[in-house]
Amino acid sequence: MAAAALREQLNALLSSMFSQGLVDEQFQQLQMLQDEGGTPGFVAEVVTLFCDDAERIIAEIATLLEQPIVNFDKVDAYVHQLKGSSASVGAQKVKFTCMQFRQLCQEKSRDGCLMALAVVRNDFYDLRNKFQTMLQVVPYLFFLVFDLQIITTYKVMIDNVCVSCNLKITTLVFLLLKFITRYIMARSYAGSF
């Protein structure tokens, strides 16, 4: 039940990200790679790297635009890098804003670049907040499914033990303690996200 509610919350978040134009089909491709490759943390790792990189690039651009004489070629290079990173993760809105930003760099308009930086920063922070929400939901969803698998496995084992009645109660208690230990470890791991 809880897993279904979290999955529904995640799907609603992803739908809103697509409908707002924050992400595009490239982001879907990343999700498909994760699902097909059996690598549960792939999207989280890519998104985290993108956010860290974008944060650094935006700070570099801001520093360059604060200089008395702006090196627009360098600003353009950073904006181009941000555009490429955005395209690779499917950050559609940031990518489009970077395309407009590059035009202002070519025009060597400091005021235009400062306004574009504010828009890029806003678009990025909006996307980053959505990504952070997504990354908070995904681990809990994974561990809820994991919890159900553990419970089912141990329930079958305990049912088999009780049916056969050949096992002492100490073995049954040991199995229960083992289950509880794994359950607590899984929960504490999920809480570290």
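This text follows the structure it describes.
Residues numbered from 1 in each chain as written. Predicted model: local features only at pLDDT ≥ 70, side-chain atom pairs only at ≥ 80, totals over all residues. Heavy atoms only, no water.

**Student:** Would you explain the overall build of the protein in this entry?
**Tutor:** Along its length, the protein carries seven helices and zero strands. Within the span of the protein, comprising 193 residues, buried residues form 37% of the whole. For the protein, the accessible area works out to roughly 11500 Å², and carbon and sulfur atoms hold 60% of it. (Helix = DSSP H or I, 4+ residues; strand = E, 2+ residues; numbered from the N terminus. Buried < 20%, exposed > 50% of the residue type's maximum accessible area, 1.4 Å probe, protein only. Areas by Shrake-Rupley, 256 points an atom, 1.4 Å probe, with all protein chains shown as cover.)

**Student:** Help me out: how do you make sense of the side chain of S86 in this one?
**Tutor:** Position of S86 relative to the elements: it lies in helix α4 (residues 72–89). Take S86: its relative accessible area is 0%, and that puts it in the buried class. Among all residues touching S86, those that are not within four sequence positions of it are F50, A91, V94 and K95. (Contact = heavy atoms within 4.5 Å.)

**Student:** Honestly, the pattern of salt bridges in this entry has me stumped. Any pointers?
**Tutor:** Any two side chains of opposite charge can pair, on the condition that their charged atoms come close. The tally for this structure, following the rule as stated, stands at five salt bridges. One salt bridge connects R128 with E55, and the closest N-O pair in it is separated by 2.7 Å. Residue R128 is located in helix α6 (residues 110–164), and its partner E55 is located in helix α3 (residues 42–66); the two are separated by 73 residues in the primary sequence. (Salt bridge = Lys/Arg side-chain N within 4 Å of Asp/Glu carboxyl O.)

**Student:** Just checking my understanding: could you explain the packing of helix α2 (residues 25–37) against α4 for this structure?
**Tutor:** How two helices pack is summed up by the angle between their axes together with the distance between the axes. Between α2 and α4, the least distance of the axes is 6 Å, while the angle of their chain directions is 55 degrees. Regarding the angle of α2 to α4, the classification is oblique. Residues Q26, F27 and L30 of α2 lie in contact with α4, whose contacting residues are A87, S88 and V89. Residue composition of the contact of α2 with α4, by class: four nonpolar, two polar and no charged. (Axes fitted to C-alpha atoms, helices over the stretch in contact; angles between N-to-C directions. Parallel < 35°, antiparallel > 145°, perpendicular 65-115°, else oblique. Nonpolar A, V, L, I, M, F, W, Y, C, P; charged D, E, K, R; others polar.)

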